[in-house]
Amino acid sequence: MSKIHVSYNQIHTMVKETVDSMHLNEDFQPDIMVAIGGGGFIPARILRTFLKKKNNKNISIQAIGLSLYEDLEIWKAAHKDDGPTSMEPEVIKTQWLNFDSSETSLIGRNILIVDEVDDTRRTLAYAVKELTKDLEIESEKLRAQGKEVPETKIGVFVLHNKLKEKREQLPDEIMNGRYFACKQMPDQWLVYPWDALDIEDHTEKSRDNTY
């Protein structure tokens, strides 16, 4: 599989163009981001530059940690001669949101989950499912107190969506208007600048990509 090197400049431009072309500020209007570590951290920070402030404050970025991709690559290497099997690593939480803190309350917010790539979709689907579960628990607490529960919306933002069969699916309400991918591309090996050991060499290689 060929490698595609993507530079910081290319990512910066991609994000800006996507915010404009997909009308994030006008339509979805995110007021908090949840970045999936570690690939979603830098894209979320770049994205915040182009999102409108809320009450004269920058959009908050919260972080979650999910373990799958690196473990899955290790698992594939160790089982490359075993043939097809369904016993693959599960997605697990390594860091999650603290719902006991009012500063991270997500009820009534437009939440934008950010990651670098939508590959098999397992990580993104897990994040959405677990976040939805937590939101429902928080909503039930408010209802028990006789309080009205405002609508909470979840969207997804990725730099790249690989056009391949997905292992999991996202809810229709996300895919129909709340799913934002900067680039749609074939199933190729992406190399991001935050993984580069030699950034100058990486940037030079990025000039050759034609995706």
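What counts and how
- Residues numbered from 1 in each chain as written.
- Predicted model: local features only at pLDDT ≥ 70, side-chain atom pairs only at ≥ 80, totals over all residues.
- Heavy atoms only, no water.
- Helix = DSSP H or I, 4+ residues; strand = E, 2+ residues; numbered from the N terminus.
- Buried < 20%, exposed > 50% of the residue type's maximum accessible area, 1.4 Å probe, protein only.
- Contact = heavy atoms within 4.5 Å.
- Areas by Shrake-Rupley, 256 points an atom, 1.4 Å probe, with all protein chains shown as cover.
- Polar contact = N/O pair within 3.5 Å; in protein donor to acceptor, adjacent residues only side chain to side chain.

As annotated in an unreviewed UniProt entry, the protein carries the name Hypoxanthine-guanine phosphoribosyltransferase and is attributed to Linnemannia gamsii.

Asker: I would appreciate a short explanation of the overall build of the protein in the present structure.
Answerer: The secondary structure content of the protein amounts to 7 helices and 8 strands. Here the protein holds 211 residues, and the buried ones make up 45% of them. Taking the intrachain contacts of the protein between residues at least 6 apart in sequence as the baseline, contacts between residues at least 24 apart amount to 79%. Surface summary for the protein: the accessible area is close to 12000 Å², and the carbon and sulfur share equals 46%.

Asker: Got a minute to help me understand the side chain of Asn161 in this structure?
Answerer: Mapped onto the elements of the fold, Asn161 is located in strand 6 (residues 153–162). Polar side-chain contacts of Asn161 include one of 3.0 Å to the side chain of Lys166. Leaving out residues up to four positions away in the same chain, Asn161 has contacts with Asp118, Arg121, Lys166, Tyr179, Ala181, Lys183, Gln184 and Met185.

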